[in-house]
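Chain by chain, the residues run as shown.
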Amino acid sequence: MPPNLSLIIFFLATMAYRARAVGVNWGTTASHPLPAAKVVELLKSNNITRVKLFDADPLVLEALSGSNLGVTVGIPNALLKSLNSSKKAAESWVHDNVTRYVSSGGSRVKIEYVAVGDEPFLQSYGEQFHPFVIGAAINIQTALTRANLESKVTVVVPCSFDSFLSESSLPSKGHFRADLNRTMIQLLSFLSKHNSPFFATISPFLAFQQNKNISLDFTLFKVYTKARNDSRRMYKNSFDLNYDILVNALSTVGFPRMQIVVSQIGWPTDGAANATSYAAETFMKGLMNRLHSKLGTPLRPRDPPVETYIFSLLDEDQRSISTGNFERHWGVFTFDGQAKYRFDFSQGSNNLVDAQNVEYLPSKWCVVNNNGDLSNATASALQACSVSDCSALSPGGSCSNISWPGNISYAFNSYYQQHNQSADSCDFGGLGLITTVNPSVDNCRFLIQLNTSLSDTLHPAYVSQWITLLVTAIFLVLPRFT
């Protein structure tokens, strides 16, 4: 076979593989996170080859050392202003969070991307991060070049699902938000210059929640759903529709061939109507079939996403619920690494592999003492829920059907578990009672937390972020004293 033909075949095979690459987002916003080493075991046992992080937690990166998993490390939004202002701060961040891990010989971390910001263009943030994103990305890119890593590590900026839209819900009318146009063109010019893909969240679930004209069947890839016609292009599911809204938005600002990575996509299993394990399983199987078909979308036939990252690996009980209580239930696995439904990342079997040898707190729960005066029980439950996770009690949630005082018991137990089952955390003015009888009812699970509590200490991810913030602040202040 001629050498040039062999090269072409290899290139095409590589592209086909990359087009089908599916990874997962690993968030750590949990009161009792599953130990990092056990999460890495979970990833490998489920044939997950890529993982996207939201920060650069040293404990997580150490656990990923030698795993050969492709890794995206994240820069929190709080650091963007500092990294935009100081090249030295960017060099320090790259040294501490990239160079030290990719240059460790056989135990190195396979860092492929640095994600600058965590959806900094999210509409609810306003424009607070807009002035800093491009400068921070440029400085990180320069720092990677100085460290001779520019050919190994790619700089990207994850963009939120509401960065692009179509008032008519048709792809042919897709465009970026008006307040983002200038910044987006600058970002796309930067990405194009460095041959970097565009990272974007595609959220059929949120589109369904916000658009009354989109049916659940259309969102869940049901075969017999009514197709949508857009300029003779037929759309049979919400994923293709939303993806092509982004494609058209890119074309509108002059980047029609920009490669796309779906940085977040998933379906929650609790905390809202239609946020169920059944719906999530249906959606995920439909999505995987769509991605593995390599057919692409009407605007990009035979050109599927370069990579796709499922959101998310695990439930996180400390995630913000400003968007909805479902935000704490995006995981394919529960907080303790147990599969919620049948699904497979690699199209082999239909079964996920659970985390093994998970260590829990003792089998104890906190419930309401029915022999006490319950006149103030509701107030105590509301107070408990203000600092713990009661999202399953919300309308449509898995515990929304349990009646009073069962819902009071759920709130008490959530608080009790978050505080490591300390006796005083089940007091509630004498209204709480510790029991060894599991109070779970039907699908409403009263949790027992993991025996790896960080609830009374600062999470390592936040420690890392504060250290980096301190370092960058020092670099900003130093010039004033020299």
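Note that the structure is predicted; figures quoted are calculated from it, not measured.

1. Things to note about the overall build of the chain
Next up, step 1: Assigned secondary structure in the chain consists of 14 helices and 16 strands.
Next up, step 2: For the chain, the residues scored as buried account for 54% of the 482 residues in total.
Next up, step 3: Split by element, the accessible area of the chain, about 21,500 Å² in all, is 53% carbon and sulfur.

2. Section: the packing of aromatic side chains
Next up, step 1: Across all of its chains, the model carries 18 aromatic pairs by this definition.
Next up, step 2: Judged by centre distance (4.9 Å) and plane angle (80°), the ring pair of Phe 205 and Trp 267 falls under edge-to-face. Linking Phe 205 in helix H8 (residues 204–210) with Trp 267 in the loop between strand E11 (260–265) and helix H11 (277–292), this pair joins segments that are 62 residues apart in sequence.
Next up, step 3: Residue classification places Trp 267 among the buried positions, given a relative accessible area of 1%.
Next up, step 4: An aromatic cluster is built from Phe 54, Phe 205, Phe 221, Trp 267, Phe 283, Phe 311, Phe 326 and Trp 330, whose rings are joined through pairwise contacts.
Next up, step 5: Over the face of the ring belonging to Phe 218 we find Arg 228, whose NZ or CZ atom lies 5.9 Å from the ring centre.

3. Topic: the sheet that holds strand E5 (residues 154–156)
Next up, step 1: The 8 strands lie next to each other as E5-E4-E3-E2-E1-E14-E11-E8, forming an open sheet whose pairing is parallel. Each end of this open sheet is capped by a strand with a single partner; those strands are E5 and strand E8 (198–201). Pairwise comparison of adjacent strand axes, ignoring direction, gives a mean angle of 25° for this sheet.
Next up, step 2: In this structure, strand E4 (residues 110–116) lies alongside E5, joined through 3 bridges in parallel fashion. When the sheet's bridge partners are listed, Val 114 is paired in E5 with Val 155.
Next up, step 3: Across the sheet, H11 touches strand E1 (21–26), E11 and strand E14 (307–310), and the angle it forms with E14 is around 170°.

4. What about the state of the cysteines?
One covalent bond between the sulfur atoms of two cysteine residues makes up a disulfide.
Next up, step 1: One pass over the structure, following the stated rule, counts 3 disulfides.
Next up, step 2: What pairs with Cys 366 in a disulfide is Cys 426, and their sulfur atoms sit 2.0 Å apart. As the torsion about the S-S bond is roughly 85°, the Cys 366-Cys 426 disulfide counts as right-handed. Of this pair, Cys 366 sits in strand E15 (residues 365–368) while Cys 426 sits in the loop between helix H13 (406–418) and strand E16 (432–435), and the two are 60 residues apart along the sequence. Take Cys 366 and Cys 426: they sit in the same class, and that class is buried.
Next up, step 3: Cys 399 shares a disulfide with Cys 444; S-S distance 2.0 Å. One disulfide, between Cys 399 and Cys 444, carries an S-S torsion of 100° and so falls in the right-handed class.

5. As for the environment of Pro 35
Next up, step 1: With respect to the helices, strands and loops of the structure, Pro 35 is situated in the loop between E1 and helix H2 (36–45).
Next up, step 2: We classify Pro 35 as partly exposed; its relative accessible area is 31%.
Next up, step 3: Along the sequence, Pro 35 and Val 60 sit 25 residues apart, while their C-alpha atoms lie 8.7 Å from each other.

6. Brief notes about the nonpolar core
Next up, step 1: Among the nonpolar cores identified, the biggest contains 104 residues, and Trp 26, Leu 64, Trp 93, Val 98 and Phe 198 are the most heavily contacted of them.
Next up, step 2: Looking at this core element by element, the count peaks at 8 residues for helix H6 (residues 130–146).
Next up, step 3: If near-sequence neighbours (up to four positions away) are discounted, Val 98 is found in contact with Val 73, Trp 93, Ile 111, Val 114, Leu 144, Leu 149 and Val 153.
Next up, step 4: In terms of nonpolar packing, the next biggest core, distinct from the first, is built from 14 residues, Ala 384, Cys 390, Tyr 416 and Leu 431 among them.

7. Here's the deal with the confidence of the model for the chain
Next up, step 1: Across the chain, the average pLDDT comes to 89, with 88% of residues at 70 or higher.
Next up, step 2: Here residues 5–19 is modelled with pLDDT under 50, and outside its nearest four sequence neighbours on either side it reaches 12 contacts, counting other chains as well.
Next up, step 3: In this model, residues 454–482 is a region of pLDDT below 50 whose contacts with residues beyond four sequence positions or in other chains number 45 contacts.

8. Considering the pattern of salt bridges
Next up, step 1: Counted according to the given criterion, the structure contains 13 salt bridges.
Next up, step 2: Note that Asp 217 and Lys 222 form a salt bridge whose closest N and O atoms lie 3.7 Å from each other.
Next up, step 3: Taking relative accessible area as the criterion, Asp 217 reaches 39% and is therefore assigned partly exposed.
Next up, step 4: Asp 315 is the partner of Lys 340 in a salt bridge, and the nearest nitrogen-oxygen pair spans 2.6 Å. Taken as a pair, Lys 340 in the loop between E14 and E15 and Asp 315 in the loop between E14 and E15 lie far apart in primary sequence, 25 residues in all. The same class applies to Lys 340 and to Asp 315, which are both buried.

9. Focus: H13
Next up, step 1: In this model, H13 (13 residues) spans 18 Å end to end at C-alpha, consistent with the 18 Å of a helix rising 1.5 Å per residue.
Next up, step 2: The buried fraction of H13 amounts to 10 of the 13 residues, a majority that puts the element mostly inside the structure.
Next up, step 3: Along H13, the residues that are buried comprise Ile 408, Ser 409, Tyr 410, Ala 411, Phe 412, Asn 413, Ser 414, Tyr 416, Gln 417 and Gln 418.
Next up, step 4: Close packing links the buried residues of H13 with E15, helix H12 (377–385) and E16.
Next up, step 5: Among the residues trailing H13, Asn 420 stands out with phi positive, at a value near 60°.

10. Focus: the packing of H6 against helix H7 (residues 181–193)
Next up, step 1: Direction vectors running N to C along H6 and H7 enclose 10°, while the axes themselves pass 10 Å from each other. It follows from the interaxial angle that H6 and H7 lie roughly parallel. Contacts between H6 and H7 involve His 130, Ile 134, Ala 137, Ile 138 and Gln 141 on the former and, on the latter, Thr 183, Gln 186, Leu 187 and Phe 190.

11. A look at the environment of Ala 381
Next up, step 1: Within the fold, Ala 381 resides in helix H12.
Next up, step 2: For Ala 381, a relative accessible area of 7% corresponds to the buried category.
Next up, step 3: Considered as a pair, Ala 381 and Ser 414 are 33 residues apart in the sequence and their alpha carbons are 9.8 Å apart.
Next up, step 4: If sequence neighbours within four positions are ignored, Ala 381 has contacts with Ile 408, Ala 411 and Phe 412.

What counts, and where the lines are drawn
- Residues numbered from 1 in each chain as written.
- Predicted model: local features only at pLDDT ≥ 70, side-chain atom pairs only at ≥ 80, totals over all residues.
- Heavy atoms only, no water.
- Helix = DSSP H or I, 4+ residues; strand = E, 2+ residues; numbered from the N terminus.
- Buried < 20%, exposed > 50% of the residue type's maximum accessible area, 1.4 Å probe, protein only.
- Areas by Shrake-Rupley, 256 points an atom, 1.4 Å probe, with all protein chains shown as cover.
- Phe/Tyr/Trp six-rings, centres within 6.5 Å; stacked < 30°, edge-to-face > 60°.
- Lys NZ or Arg CZ within 6 Å of the ring centre and 35° of its normal.
- Pairing = 2+ DSSP bridges.
- Axes fitted to C-alpha atoms, helices over the stretch in contact; angles between N-to-C directions.
- Contact = heavy atoms within 4.5 Å.
- Disulfide = S-S within 2.5 Å.
- Core = buried A, V, L, I, M, F, W, Y, C linked by side-chain atoms within 4.5 Å.
- pLDDT = per-residue confidence, 0-100.
- Salt bridge = Lys/Arg side-chain N within 4 Å of Asp/Glu carboxyl O.
- Expected span 1.5 Å × (residues − 1).
- Parallel < 35°, antiparallel > 145°, perpendicular 65-115°, else oblique.

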